Amino acid sequence: MEDIQELTRRIDELEIKASFADDTLEQLNQVILRQQREIDVLARQLADMRQQVDQAGSGTSQATLREEIPPHY
């Protein structure tokens, strides 16, 4: 009789641990999803900024940039 009670107790403990592990895994999955969305937004912003820099650079010649440098440089 004690063996059955001990096995039942151990199974209950394992079920509790498995439940906590499932909950932790779900929380981590949500964090990963949120971080991936943030990475996607940042990647789009970076691409937009690079495009703006390229557009700004293509419209200005090197001679014009040289003329904009202050004389103390």
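Use the structure listed above.
Now for a quick tour of the structure. Numbering of residues starts from 1 in every chain and runs along the sequence as written. The predicted origin of the model limits local features to residues at a pLDDT of at least 70 and limits the giving and counting of side-chain atom pairs to 80 or more, whereas totals for whole chains, interfaces and linings rest on all residues. Think of the side-chain values as coming from all heavy atoms in the structure, minus any hydrogens and water.

Quick look at the overall build of the protein chain now. Only DSSP runs of H or I reaching four residues or more are called helices, and only runs of E reaching two or more are called strands; each is numbered from the N terminus. When helices and strands are tallied, the protein chain shows two helices and zero strands. Residue burial is assigned from relative accessible area. The probe radius is 1.4 Å, only protein chains are included, and a residue is buried under 20% of its type maximum, exposed over 50%, and partly exposed in between. Taking all 73 residues of the protein chain together, the buried fraction comes to 0%.

Note on definitions: salt bridges are taken to be side-chain nitrogens of Lys or Arg within 4 Å of carboxyl oxygens of Asp or Glu. A complete count under the given rule lists three salt bridges for this structure. The residue Glu38 makes a salt bridge to Arg34 at a minimum N-O spacing of 3.9 Å. One end of the pair, Glu38, and the other, Arg34, are both in helix α1 (residues 2-58), four residues apart, so they sit about a helical turn from each other. With a relative accessible area of 43%, Arg34 lands in the partly exposed category. One continuous salt-bridge network, built from bridges that share partners, spans Glu6, Arg9 and Glu13.

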